[in-house]
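Breakdown of the fold
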Amino acid sequence: MKPIYGTFLIILFGLVTAVLIGFRPGLSESLPVDHEQTGLRDRIIIKFSHVVAENTPKGLAAEHFARLVKQKTNDRVEIQVFPNGMLYSENTEAEALKRGDIQMIAPSFSNMSNIDPAWLVMDLPFAFRDQAAVDEALNGTVGEALFQTVEEQNMHGVAFWKNGFKQMTSNRNPLVVPEDFRGQTFRILPSKVLASQFSALGAKTVNIPFNEVYRSLQNGIVDGQENTISNIYTKRLYLVQKYMTISNHGYLGYAVIVNKPFWERMPDDLRSAVQAAMVETTAWINRETIAMNERQLRQIRESGAIEIRELTDEERKRWAEAVQPIYKRYRDVVGGGLVDQVIKMQHQ
Ligand code: LMR
């Protein structure tokens with residue numbers, strides 16, 4: 001071998017070795033080293049699926065929670081939020097959670113009644129005088145009993161999030177006295193109590209997933225629906241309805257539920273950090289949601305797109321009387337103890 005070839009081979013060998021052991025001249029010293037940073041593969045991902053828009057109480061809470069978790073776990077836990085039912089609808093999300101395909105959901109109480117009929121207690125019409133009464137029930141034995149029902153089903157409840165009281169809308173006529181409901185069809189969530197509420201008022205009902213409500217109202221598949229102001233506003237339901245009655249006749253809130261085995265397997269320090277983020281988020285959203293519903297009601301009023309009426313005390317009493325038989329009918333279905341507790345709170 002000529003000497004020039006020998007030198008060339010030695011240089012070539014050196015270069016190949018350098019590349020193989022990762023030597024990159026000039027770079028190694030300037031690269032910052034973050035010992036706390038976690039590789040993508042070590043990061044715990046929590047997929048959080050829900051069905052409402054991002055600018056609703058639940059949508060905003062989910063985003064707020066994701067930011068807090070990132071901060072509190074130093075990026076070791078990532079909350080991936082899937083809004084608008086893009087991953088699962090309310091009819092499929094609980095099964096997906098149980099399977100472990102997603103790790104967190106926040107269905108409304110009515111949707112939880114598919115899992116256990118005890119949740120129907122939250123759908124009883126005129127059950128709660130005001131938000132304070134709802135809070136008292138959820139922070140006390142009612143809330144405890146409700147969360148107990150999901151424990152045997154691979155799920156664990158971590159928080160209750162507020163949305164607000166429901167209002168009635170219709171395309172046919174103003175809803176003022178119980179007789180005004182007769183012959184109309186309303187969209188409801190999958191809840192036997194809600195179906196009975198409307199049948200007590202002489203109306204029919206159809207279960208329709210949230211993300212199809214706008215189209216169903218627009219196409220006249222149903223005449224009306226009930227929902228919170230934030231849902232009526234963000235889904236633009238007020239643009240396809242002629243009349244809205246501020247009735248505050250029922251409550252819509254959320255149970256934040258996690259996949260239980262996943263939750264229990266999380267390292268203690270990370271689970272505590274995620275829990276702390278949940279506590280902060282719950283306090284935040286429970287404050288925000290009241291202001292949001294008020295603000296959006298003003299915006300609906302200002303749009304002039306829908307005729308709005310507020311029930312007088314006398315009218316409210318008539319509605320409440322018309323639906324009263326539901327309490328007796330569902331006492332055993334829901335569990336007598338829960339219904340009795342709610343009735344007792346009404347008289348305190
Ligand atoms: C509805 O279906 O009307 C609500 O449950 C939507 C929601 O999650 O707020």
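Notes on the structure in this doc start here. All values reported here derive from a predicted model rather than from experimental measurement.

Some thoughts on the overall build of the protein chain
A tally of helices and strands in the protein chain yields 14 helices and 11 strands. Counting over 348 residues, the protein chain shows a buried share of 51%. Within the protein chain, counting contacts between residues at least 6 apart in sequence, those at least 24 apart form 75% of the total. Per element, the accessible surface of the protein chain, about 17,200 Å² overall, is 52% carbon and sulfur.

Focus: the site of the ligand
Around the ligand lies a shell of 13 residues, among which Lys58, Ser108, Arg187, Asn227 and Tyr254 are the nearest. Measuring from an oxygen atom of the ligand, one finds a side-chain N or O atom of Ser108 at 2.9 Å. Contact between the ligand and Arg187: an oxygen atom at 2.8 Å from a side-chain N or O atom of the residue. If the ligand stood free it would expose 270 Å²; the protein chains cover 100% of that surface. According to the grid-proximity analysis, the pocket containing the ligand is the largest cavity. Its residues assigned to classes, the shell around the ligand shows six nonpolar, four polar and three charged.

Regarding the side chain of Lys260
Relative to the helices and strands, Lys260 is located in helix α10 (residues 260-265). In terms of polar contacts, Lys260 uses its side chain to reach the side chain of Glu151, at 2.9 Å.

Brief notes about unusual backbone geometry
The phi dihedral of Asn74 falls on the positive side, at around 55 degrees, and the residue is not glycine. Residue position: Asn74 is located in the loop between α2 (57-72) and β2 (77-82). Since its relative accessible area comes to 40%, Asn74 is described here as partly exposed.

Quick notes on the packing of aromatic side chains
Tallying each qualifying case throughout the model produces 12 aromatic pairs. Judged by centre distance (5.9 Å) and plane angle (10 degrees), the rings of Tyr233 and Tyr238 are stacked. According to the relative accessible area criterion, Tyr233 is partly exposed, its value standing at 22%. When its relative accessible area of 7% is taken as the criterion, Tyr238 is described as buried.

About the cut-offs
Residues numbered from 1 in each chain as written. Predicted model: local features only at pLDDT ≥ 70, side-chain atom pairs only at ≥ 80, totals over all residues. Heavy atoms only, no water. Helix = DSSP H or I, 4+ residues; strand = E, 2+ residues; numbered from the N terminus. Buried < 20%, exposed > 50% of the residue type's maximum accessible area, 1.4 Å probe, protein only. Contact = heavy atoms within 4.5 Å. Areas by Shrake-Rupley, 256 points an atom, 1.4 Å probe, with all protein chains shown as cover. Near = heavy atom within 4 Å. Polar contact = N/O pair within 3.5 Å; in protein donor to acceptor, adjacent residues only side chain to side chain. 1 Å grid on protein atoms, 1.4 Å probe; cavity = no way out; pocket = protein on both sides within 12 Å on 5 of 7 lines; lining within 4 Å. Sits in = over half its atoms within 2 Å of the grid points. Nonpolar A, V, L, I, M, F, W, Y, C, P; charged D, E, K, R; others polar. Phe/Tyr/Trp six-rings, centres within 6.5 Å; stacked < 30°, edge-to-face > 60°.

Without other data, these values stay purely geometric and don't point to any function.
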